[in-house]
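So the chains spell out like this:
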Amino acid sequence: VQLIESGGGLVQTGGSLRLSCAASGLTFTSYAMGWVRQAPGKERQFVAAINWSGTTTYYEDSVKGRFAISRDNAKNTVYLQMNNLKPEDTAVYYCAAAGTYYKAASRRFDYWGQGTQITVSS
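### Things to note about the pairing of strand β4 (residues 32-38)
Consideration 1: For β4, the tally of buried residues reaches six of seven residues, placing the bulk of the element in the interior.
Consideration 2: Pairing analysis gives seven bridges linking β4 to strand β9 (residues 91-98), with the strands arranged antiparallel. From the neighbouring strand, methionine 33 faces β9, where its bridge partner is alanine 97.
Consideration 3: Sheet topology note: the β4/strand β5 (residues 45-50) ladder contains five bridges and is antiparallel. Within β5, the position partnered with methionine 33 by the bridge is isoleucine 50.
Consideration 4: Where β4 folds back onto β5 in an antiparallel hairpin, the turn is made up of six residues, including glycine 41, whose phi is positive at roughly 75°.

Structure, rendered in structure tokens:
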């Protein structure tokens, strides 16, 4: 299984970025997908999850209304649209796959990507 993130970079406060995660080696529609981030010196923090069909999503409180997770099952890709970015959003963002939506929402993922760095400057 490979989960390959892209779209990271440096952005100013208030800016936007869209992360992409291309999945291979798994039956994409059999997995819920999610994003998790890790800031320097901190533990990994759940960001968002989406069920296999894209009809149900779940967000960590601090990103609600600013971030949106979506997926394109035809492209085996999950996205994270991040708007109104803040310095506290600076972290490495990981794409992850879980066998069920319940597991994803419970932060229990089966597969992880390598991560992509997001830096928000003040």
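Past the structure itself, the notes keep going.
### Brief notes about unusual backbone geometry
Glycine aside, negative phi is the norm for most residues, and most peptide bonds take the trans geometry.
Consideration 1: Positive phi outside glycine occurs at asparagine 84, with the angle close to 50°.
Consideration 2: In this structure, asparagine 84 sits in the loop between β8 (77-82) and β9.
Consideration 3: Classification of asparagine 84 as partly exposed rests on a relative accessible area of 42%.

### Quick word on the nonpolar core
Grouped burial of nonpolar side chains is what soluble globular proteins tend to show.
Consideration 1: The biggest cluster of nonpolar side chains holds 29 residues, and the ones touching the most others in it are Met33, Trp35, Val78, Leu80, Met82 and Tyr93.
Consideration 2: Among the secondary structure elements, those contributing two or more residues to this core are β3 (17-24), β4, β5, β7 (67-72), β8, β9 and β11 (116-121).
Consideration 3: Residues within four places of leucine 80 in sequence aside, it is in contact with Leu17, Arg18, Leu19, Trp35, Val47, Ala48, Phe67, Ala68, Ile69 and Tyr93.
Consideration 4: The next biggest cluster of nonpolar side chains, apart from the first, holds eight residues, and it includes Ala32, Val36, Phe46 and Phe109.

### Things to note about the pairing of β11
Consideration 1: Burial along β11 is one-sided: Thr116, Ile118 and Val120 are buried, while Gln117, Thr119 and Ser121, pointing the other way, are not.
Consideration 2: Bridge count between strand β2 (residues 9-12) and β11: four bridges; the pairing is parallel. Within β11, the residue paired with glutamine 12 across the bridge is serine 121.
Consideration 3: As paired strands, β9 and β11 are joined by three bridges and run antiparallel to one another. Bridging from a neighbouring strand, alanine 91 pairs with isoleucine 118 of β11.

### Quick word on the environment of isoleucine 4
Consideration 1: Take isoleucine 4: it is sitting in strand β1 (residues 2-6).
Consideration 2: For isoleucine 4, a relative accessible area of 49% gives the class partly exposed.
Consideration 3: Excluding anything up to four places from it in sequence, isoleucine 4 contacts Ser20, Cys21 and Ala22.

### Regarding the environment of valine 63
Consideration 1: Within the fold, valine 63 resides in the loop between β6 (57-59) and β7.
Consideration 2: Each C-alpha atom of the pair valine 63 and leucine 17 lies 13 Å from the other, and the pair is 46 residues apart in sequence.
Consideration 3: Ignoring any residue separated from it by four or fewer positions in sequence, one finds valine 63 in contact with Arg37 and Val47.

Definitions and limits used
Note that residues are indexed from 1 along each chain, following the sequence as it is written. Selection of residues for local features in this predicted model requires a pLDDT of at least 70, selection of side-chain atom pairs for listing and counting requires 80 or more, and totals for whole chains, interfaces and linings are taken over all residues. For the side-chain quantities, the full set of heavy atoms in the structure was used; hydrogens and water were omitted. The buried label applies to any residue whose accessible area, calculated with a 1.4 Å probe on protein chains only, is under 20% of its type's maximum; exposed applies above 50%, and partly exposed to all values in between. Under the DSSP-based scheme used, a helix requires at least four consecutive residues in state H or I and a strand at least two consecutive residues in state E, with every element numbered from the N terminus. In this analysis, strands are considered paired if DSSP registers two or more bridges between them. For this analysis, a nonpolar core means a set of buried residues of the types Ala, Val, Leu, Ile, Met, Phe, Trp, Tyr and Cys, connected via side-chain atoms within 4.5 Å. Throughout, a contact is declared for two residues whenever any of their heavy atoms are within 4.5 Å.

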